[in-house]
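Take a look at the letters that make up each chain.
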Amino acid sequence: MFKPLRLTLLLLALGGTQTLVQASSLVVCTEASPEGFDIAQYTAATTADASAETLFDRLVHFAPGSTRLEPGLAESWTISPDGRVYEFQLRQGVKFHSTPWFTPSRDFNADDVLWSFQRQLDPQHPWHKLSPRGFPYAESMDFANLVEGIEKLNDHRVRFTLKHREAPFLANLAMGFTSLYSAEYGGQLLDAGKPEQLNREPVGTGPFIFERYRKDAQVRYRANPDYWAGRPAIDRLLFSISPDSNVRVQKLRAGECQIAVYPRPTDVAALRQEPDLEVLELDSQLIAYIGINTRHEPLDDVRVRQAINLAFDTRSYIRAQYGEDNASIAVAPYPPTLLGYNDKLQPWPHDPERARRLLAEAGYEEGFTLSIWTRPGGGTTNPNPGIGAQMLQADLAAIGIRTEIRMVEWGELIKRAKNGEHDLVFMGWAGDNGDPDNFLTPNLSCGAVKSGENMAGWCNPEFDELIRRARALTDPEQRAPLYRQALAIFHEQAPWIPLAHPKQFVALRKGVEGYQLSPLGTNSFARVKLAP
C-alpha cells in the first residue's frame, strides 16, 4: 500500500541495489536509456527528457502542455520586417550549475549563445569536429546554410541574421538541439583534453543538476536552487529505466515510482479502474512508421515499396497494438491537424494480390529476403514491438518475402539505423515544434539522408524543393498547397509504411500534482509537486 512520501521513506530495489529515496524525491519509470547528455548530438525523445528538459534551457520555450512560445533565456526578441534578422535580449543573472566537475565564474551571457550555436554551424569552431555523431538536427535541417551570422551586440543581446526567411525558425529555437551551454565549461574541457566529458558530465542552466547515470538502470538529478524560473518543488529527480511497459506499471503499483511513462494503450482501461492511480491522455503530434531503406536493393524500386505497403494489414496492427480508439491510421508523415495535410490521400489498402502483381512486375515473383529491425520493451509509438514485427513478418511471407526479425536495444537501434544497416525498421517521431516542417525536413529531406536521420535513405529532389519553398514562406495559405503536393509525392513513392497517430498516455499515482503531458512528446518535471 502506497503511503505519502512526506511521511515515509521509500525503499527501492533498482538494478540489484537498495537505494533510499528522500522524502521530497520524484521517481519516474522511463522506457529507455538516454543516448548521452549532449543533446545537440541526438534526436531521441528519451535523450531529450534526460537532458534538454532537465539540464538545459533555450532562448525560447514552449509553454507547458502546448506549442505556444514563451520567453526562455531570452526575455524578449524582435524580428525585422523581412523576417531575416532576429535580435534577442538575454535574461540577466542566470546561473550555470555548480558541480564537482565545474564551478562557474560568471553568469550566462551572449558568449554562451554564440558558443552553443557556432560549434554546430561553423566548421572552423574548435568544437565542431569533436562530436563523434555530428549534429544531426542542425545538419538535417540545414541550419548552416540558413544562418548567415550570429553576432554579440553586447553581453546580453545577440543578433541572428538568416540568408532567407524561414517560417518555423523561432519555433525551431525552442527545440532541444538549440540548448545553451557554458562556453567557459567548454573551454575548460578543451584545455584539459577531455571534450568527451561534455556528454558525460553535463552542465546547464536548467531546473535540475546532473548527479550520476548508471546505464540501463537510473539517472539521478537534484533540484537547481538557483533556477531562474524558480526552484523545483522536488529535491531529487530519479529516472528508473525499464524498457518493459509491464515492469513500469508494476513498479508504479508497488509505489516504486510515482510516474510511469507510456503504459500500453491496451492496459489503460484497467489502470483507470485502480483507485490509487490516474491516467492522463493527449492527442499528441506523433507518427509511428516503418522505414523502408531505399538504399538497399530491391527496396530502391518503388513498386517493391508499394507492394510492401499493400501487403501489411495496418488496421489489424493498430487494433493489436493500441486497442480501440487509442490511435488513428496514418496516411502521411504527420497528423491531419497540422498545416497542409492532404486529405485526398487514402491509406494503402490491405491487398496481397495486388502486392504480388507489383512484385512480379518488378521482377521479384520468387520473392527475396529482408531484415526487420525493432526494439525490446515498448513506448508510445511502438507499444509491443515483438508482436508488431511478427505481424509484419507474417504479412510479408504471404506475398513471398522472407524476413528475419532483429531485436536491438533502443540506443543501438537508433545508431545502426542511422548507419543504414536495416532493411525495414519500426520507428516513431514526435513533432518538436508544431510545424509540419519538423516532420518532413528531419525525417525525409535529402539533407537528412546525409545526417542519418532519414531512416529510409530516401532523397526525392521534387519533394525536397517543395518543402524548402514551404519553409521560406510565412503565409500559411501559401505554404499549405506546397505541403499537400509534397505529401502526394511521399504517398506515391512509399518510403515508409505509415502506421498510426497514437494517443499519448502517462500513468501516475494520486498525489502527483503539476505534471502536464506535452503534445510534442517530451516530459518535463520542473513543476511537479507531491501532495502531503
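Here, the structure is the one placed above.
Rules of the game
- Residues numbered from 1 in each chain as written.
- Predicted model: local features only at pLDDT ≥ 70, side-chain atom pairs only at ≥ 80, totals over all residues.
- Heavy atoms only, no water.
- Helix = DSSP H or I, 4+ residues; strand = E, 2+ residues; numbered from the N terminus.
- Rg over C-alpha atoms; globule rule 2.2 N^0.38 Å.
- Buried < 20%, exposed > 50% of the residue type's maximum accessible area, 1.4 Å probe, protein only.
- Contact = heavy atoms within 4.5 Å.
- Areas by Shrake-Rupley, 256 points an atom, 1.4 Å probe, with all protein chains shown as cover.
- Lys, Arg positive; Asp, Glu negative; His and termini not counted.
- Charge placed at Lys NZ, Arg CZ, Asp CG, Glu CD.
- Axes fitted to C-alpha atoms, helices over the stretch in contact; angles between N-to-C directions.
- Parallel < 35°, antiparallel > 145°, perpendicular 65-115°, else oblique.
- Left-handed = near helix turned anticlockwise from the far one by under 90°.
- Nonpolar A, V, L, I, M, F, W, Y, C, P; charged D, E, K, R; others polar.
- Polar contact = N/O pair within 3.5 Å; in protein donor to acceptor, adjacent residues only side chain to side chain.
- Pairing = 2+ DSSP bridges.
- Phe/Tyr/Trp six-rings, centres within 6.5 Å; stacked < 30°, edge-to-face > 60°.

## Section: the overall build of the protein
Piece 1. A count of helices and strands for the protein gives 18 helices and 23 strands.
Piece 2. The C-alpha atoms of the protein give a radius of gyration of 23 Å, which matches the 24 Å a tight globule of 532 residues would have.
Piece 3. Over its C-alpha atoms, taken along the principal directions, the protein stretches across nearly 70 × 60 × 45 Å.
Piece 4. Out of the 532 residues in the protein, the part that is buried amounts to 60%.
Piece 5. Sequence separation of at least 24 residues holds for 70% of the intrachain contacts in the protein that already meet a minimum separation of 6.
Piece 6. About 20,400 Å² of surface is accessible on the protein, with carbon and sulfur atoms providing 47% of the total.
Piece 7. Once the 56 positive and 65 negative side-chain charges of the protein are each reduced to a mean point, those two points are 4 Å apart.

## Topic: unusual backbone geometry
Leave glycine aside and you will find that most residues have negative phi; peptide bonds, for their part, are mostly trans.
Piece 1. Cis geometry is found at the peptide bond from E297 to P298, where omega equals 0°.
Piece 2. With respect to the helices, strands and loops of the structure, P298 is situated in the loop between β15 (286-292) and α10 (302-311).
Piece 3. Within the chain, D216 stands out as a residue other than glycine whose phi angle is a positive 60°.
Piece 4. Relative to the assigned elements, D216 resides in the loop between β10 (208-214) and β11 (218-223).
Piece 5. One non-glycine residue, D325, lies in the positive phi region at around 65°.
Piece 6. Structurally, D325 is set in the loop between α11 (314-322) and β16 (327-329).
Piece 7. By relative accessible area, D325 is classed as exposed at 63%.

## Some remarks on the environment of A254
Piece 1. Along the chain, A254 turns up in the loop between α8 (245-253) and β13 (259-261).
Piece 2. Separated by 257 residues in the primary sequence, A254 and G511 place their C-alpha atoms 15 Å from one another.

## Considering the packing of helix α15 (residues 437-444) against helix α17 (residues 461-471)
Piece 1. The geometry of α15 relative to α17 is characterised by a closest axis approach of 11 Å and an angle of 140° between their N-to-C directions. As the angle between them shows, α15 and α17 are arranged oblique. The interaxial crossing formed by α15 with α17 has left-handed handedness. Contacts from D437, L440, T441 and L444 of α15 reach α17 at F463, I467 and R471.
Piece 2. Partitioning the contact of α15 with α17 into residue classes produces 4 nonpolar, 1 polar and 2 charged.

## Considering the side chain of N443
Piece 1. Positionally, N443 belongs in helix α15.
Piece 2. According to the relative accessible area criterion, N443 is buried, its value standing at 1%.
Piece 3. Within polar-contact distance, the side chain of N443 engages the backbone oxygen of F439 at 3.0 Å.
Piece 4. Excluding anything up to four places from it in sequence, N443 contacts Y289, W429, N438, A448, E453, N454, M455 and W496.

## Here we look at α10
Piece 1. Among the 10 residues of α10, 8 are classified as buried, and the element is accordingly described as predominantly covered.
Piece 2. Buried within α10 are the following residues: V304, R305, Q306, A307, I308, N309, L310 and A311.

## A short note on the sheet that holds strand β20 (residues 496-502)
Through backbone hydrogen bonds, the strands of a sheet pair up, either in parallel or in antiparallel fashion.
Piece 1. Taken in spatial order, the 6 strands line up as β16-β20-β15-β19-β17-β18 in an open sheet, and their pairing is mixed. Two strands close off the open sheet at either side, each with one partner strand: β16 and β18 (401-407). Adjacent strand axes in the sheet meet at a mean angle of 25°, parallel and antiparallel pairs treated alike.
Piece 2. Bridge analysis of strand β17 (residues 368-374) against β18 gives 7 bridges, and the strand direction is parallel. Note on β18: the bridge partner recorded for I372 is I405.

## Quick look at the packing of aromatic side chains
Piece 1. Applying the stated criterion to the full structure yields 31 aromatic pairs.
Piece 2. With a centroid separation of 5.4 Å and 70° between ring planes, the pair formed by W115 and W127 is classed as edge-to-face. Here the residue W115 occupies a position in helix α2 (residues 110-121), and W127 occupies one in the loop between α2 and α3 (136-140), the gap between them amounting to 12 residues.
Piece 3. A relative accessible area of 8% places W115 in the buried class.
Piece 4. Taking the relative accessible area as the measure of exposure, W127 reaches 3% and is therefore buried.
Piece 5. Counting every residue linked through ring pairs, the aromatic cluster contains W77, Y86, F88, F117, Y137, F143, F160, F169, F177 and W429.

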